[in-house]
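Below are the chains, spelled out letter by letter.
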Amino acid sequence: MFLIFILIITSRFHNLVSISRLSLPIKMYQNKIMKFLLTISICISVTASAQSWNDLKDISKKAKSELKKVKKPKISFTQKEAAQALKDALNIGIEKGVSILSVKNGYYKNKKVKIPFPPDAKTISKKLRKLGMGKEVDKVVKSINRAAEDASGSALSIFVSAIKKMSIKDAIGIVKGDSTAGTDYLQEKSSSDLELAFNPIIKSSLKKVDATKHWKNVITTYNKIPMVKKMKPNLDLYVTQRAIQGLFSIVEEEEIKIRENPKKRITGLLKKVFGS
């Protein structure tokens, strides 16, 4: 680049010398001088820019090299810490779930957790709607969701107890697992115990909100229809399972938030295990 610069200057200067020997008019001579000086300034600018660019590339290469040498600090934690962090995350999730679902319309107006008419009693629903008893079917749906909302207020202590008793063999593996690994583990290990503890509460709530009465009316009416197979589905168990499933769905959402959003890690242990 510098060699080109020298050649241009030499060429321009030679032209000026030739012009002066020919004694050209002063005005033309001045124009030539201005063009010459402009050429020099451009060449100097380009040379400097090229040099600066090369310097920047060298600096960039060195910076990248140094960054590769710097290792991110590793935050280590024990199996015990990982297990407790998971339990903390699950407790936060169930507290959130209870606060959302235990209010009026917590289940009924929430499409994700709303409890429908029992699937194994779908024949009953269809038959009664054809007979113009759709309102009675709707009363059942509304009342079983009201029962779930009422019972969810008592779910916190049951879930917290199950979480506290939960033995986690591979807590670190679960921490490093997918976004709902903790909730999945709790569901797998504790669902049966949760159903057993929650069922009496659901049963009481079903009576309290008249769901049992509406259900009995619907089943009795259906079973009186000629030529139909008599049915008596277990409403208590069905609502218990669906209510618990709804709570788990909120716990799952909160676990995902804790894993993905640092602001949701509200304790020192959560920050240590899931990252700060």
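Definitions and limits used
- Residues numbered from 1 in each chain as written.
- Predicted model: local features only at pLDDT ≥ 70, side-chain atom pairs only at ≥ 80, totals over all residues.
- Heavy atoms only, no water.
- 1 Å grid on protein atoms, 1.4 Å probe; cavity = no way out; pocket = protein on both sides within 12 Å on 5 of 7 lines; lining within 4 Å.
- Points joined across faces, edges and corners; volume = space filled by probe spheres on them.
- Helix = DSSP H or I, 4+ residues; strand = E, 2+ residues; numbered from the N terminus.
- Nonpolar A, V, L, I, M, F, W, Y, C, P; charged D, E, K, R; others polar.
- Patch = residues over 30% accessible without salt bridge, like charges linked within 9 Å, V, L, I, M, F, W, Y side chains within 5 Å.
- Areas by Shrake-Rupley, 256 points an atom, 1.4 Å probe, with all protein chains shown as cover.
- Salt bridge = Lys/Arg side-chain N within 4 Å of Asp/Glu carboxyl O.
- Lys, Arg positive; Asp, Glu negative; His and termini not counted.
- Charge placed at Lys NZ, Arg CZ, Asp CG, Glu CD.
- Buried < 20%, exposed > 50% of the residue type's maximum accessible area, 1.4 Å probe, protein only.
- pLDDT = per-residue confidence, 0-100.
- Contact = heavy atoms within 4.5 Å.
- Arc of directions from axis to C-beta.

**Regarding the layout of surface pockets**
Using a probe with the size of a water molecule, rolled over the atoms, empty space left in the structure can be pinpointed. Each pocket or cavity is described by its volume, and for the largest pocket that value is around 270 Å³. Sorting the residues of the lining of the largest pocket by element identifies helix 8 (181-208), helix 9 (211-223) and helix 10 (235-260) as the ones contributing at least two each. Per element, the largest residue contribution to the lining of the largest pocket is four residues, and it comes from helix 9. Residue classes in the lining of the largest pocket are distributed as four nonpolar, two polar and five charged. If you add up the space inside the second largest pocket, you get close to 160 Å³. Taken together, Ile158, Ser161, Ala162, Lys165, Met166, Ser167, Lys189, Ser190, Asp193, Leu194 and Ala197 make up the lining of the second largest pocket. For the lining of the second largest pocket, a count of residues per class yields five nonpolar, three polar and three charged.

**Observations regarding a positive patch on the surface**
Together, Lys104, Lys109, Lys114 and Lys142 give the surface a local cluster of positive charge. Turning to its location among the elements, Lys104 is positioned in the loop between helix 3 (79-101) and helix 4 (122-130). Under the relative-accessibility criterion, Lys104 is labelled exposed at 65%.

**Examining the confidence of the model for the chain**
Mean pLDDT over the chain: 81, with 72% of residues reaching 70 or higher. Highest mean pLDDT in the chain belongs to helix 5 (residues 134-152) (96); lowest belongs to helix 1 (residues 2-21) (44). Here residues 1-10 scores under 50 on pLDDT; set against residues more than four positions off or in separate chains, the count is ten contacts. Overall, residues 12-30 carries pLDDT values under 50, and its contacts beyond four positions in sequence, including any with other chains, amount to eleven contacts.

**Focus on unusual backbone geometry**
Here the phi dihedral of Asn105 falls at roughly 75°; this positive angle occurs in a residue that is not glycine. Mapped onto the fold, Asn105 is located in the loop between helix 3 and helix 4. Unlike most non-glycine residues, Asp210 shows phi in positive territory, near 70°. Position of Asp210 relative to the elements: it lies in the loop between helix 8 and helix 9.

**Some thoughts on helix 4**
Residues of helix 4 that are buried: Ile124, Ser125 and Leu128. In a view along the axis of helix 4, the buried residues occupy a sector of 100°, so they form one face of it. The outward face of helix 4, more than 90 degrees from its buried face, is lined by the exposed residues Lys122, Lys126 and Lys130. After helix 4 finishes, the residue Gly132 shows a positive phi value of roughly 80°.

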